[in-house]
Amino acid sequence: MVTRRSIRWPVTLGVALIVLVVTLTVGWVIVNVFAAQRTGHPGVFWTVLAIGATLLVLVLVGVVIYLVLTVKAIRLNQRQSNFIDSVTHELKSPIASLKLYLQTMSRHQVSAEQQSDFHCFMLEDLERLDQLIDHLLDAARLEQSPASKELDSVSLSELLTNCARTGCQRYRLPENSVQLSLEPVEVRAPQADLEIVFRNLLDNALKYSGDQPQVEIETHRNGQGRVLTRISDNGPGIPVALRRKIFGRFVRLGSELERKTAGTGLGLYIARNLVRRMGGKIQVHGRSGKRGTVFEVDLPAAMA
């Protein structure tokens, strides 16, 4: 297991260095004041004071930059540790399940009905592994320089309808779990990337909304050549202080050891970067007066 480094010591060291530099500088200024009073040369004092103040500012800026970079590096290390934990769990669980079903079918006589059920369960495990691999490949592709892609005029209403149907089938939910209010609009973007974005957003909405998810999807033009898509859910919501952080790489809220939902912390990171490449933006809000979260995706509309 990757060691999780604490940010307590870098922060303590950084604060101690700042206090030490300030203390030394104040003491140095006091010594120079007494020296100038004794020698009677105030010009020399002010020259030395200006040089010292400049050096102080440079040292303080260096210490602050060191502190910020160190904290960022340690937090990235912590997120990578969580990512390794989650990926290990995501790989081990379906593999263990597949192994159990195959061993049962090979060592025992099972009825045709049981074999059919086992096949369904194994297909679900394979789909879970396939989605994990897709996430890893999508994240690796984002790290490379973006290649030019052919832009398509994609019917957003048709794409969202297909994503909603697929999501309900995957989680074995009735189709009315996702309410659609879609205008017949088109956007100019790579269709495969659009499917990745909205598949990830809808997957999160269904996965974190509990046993009875109620997801709403609506699209409309905003009158400025843009198309706005809102995906609302009835989940626990996201604290305001964490809404910007959730789009980071490997970020998942809570502890991996206590988590009940599957995931790698890459879905929102992939969605945000793909939306940016399309010339759009993605934001997250709370539902006014209700429990849940709203994701807004703003994309350029296809020219008529």
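All figures in this text were calculated on a predicted structure; none of them were measured in a lab.

Rules used in this analysis
- Residues numbered from 1 in each chain as written.
- Predicted model: local features only at pLDDT ≥ 70, side-chain atom pairs only at ≥ 80, totals over all residues.
- Heavy atoms only, no water.
- Pairing = 2+ DSSP bridges.
- Helix = DSSP H or I, 4+ residues; strand = E, 2+ residues; numbered from the N terminus.
- Axes fitted to C-alpha atoms, helices over the stretch in contact; angles between N-to-C directions.
- Contact = heavy atoms within 4.5 Å.
- Salt bridge = Lys/Arg side-chain N within 4 Å of Asp/Glu carboxyl O.

Draft legend 1. Fine view of the pairing of strand 4 (residues 215–221). Bridge count between strand 2 (residues 178–182) and strand 4: five bridges; the pairing is parallel. Its bridge partner being in strand 4, L182 is matched across the sheet by T219. As paired elements, strand 4 and strand 5 (residues 226–232) share six bridges and run antiparallel to each other. Across the sheet, the residue bridging to E218 is R230, located in strand 5. Adjacent in sequence and paired antiparallel, strand 4 and strand 5 are bridged by four residues, among which G223 carries a positive phi angle near 85°.

Draft legend 2. Molecular detail of the sheet that holds strand 5. Ordered in space as 2-4-5-7-6, the five strands form an open sheet in which the pairing is mixed. Across the chains shown, the open sheet's two edge strands, defined by having one partner strand only, are strand 2 and strand 6 (281–286). Within the sheet, the average angular offset between the axes of one strand and its neighbour, ignoring direction, is 15°. Against the sheet, helix 6 (residues 267–277) engages strand 6 and strand 7 (293–300), with an angle of about 25° to strand 7.

Draft legend 3. A look at the pattern of salt bridges. For the structure on display, the rule yields five salt bridges. We note a salt bridge from D298 to R226, for which the minimum N-O separation is 2.6 Å. Separated by 72 residues along the polypeptide, D298 in strand 7 and R226 in strand 5 bring together distant segments of the chain. It is possible to trace a salt-bridge network through shared partners that takes in R170, D203 and K207.

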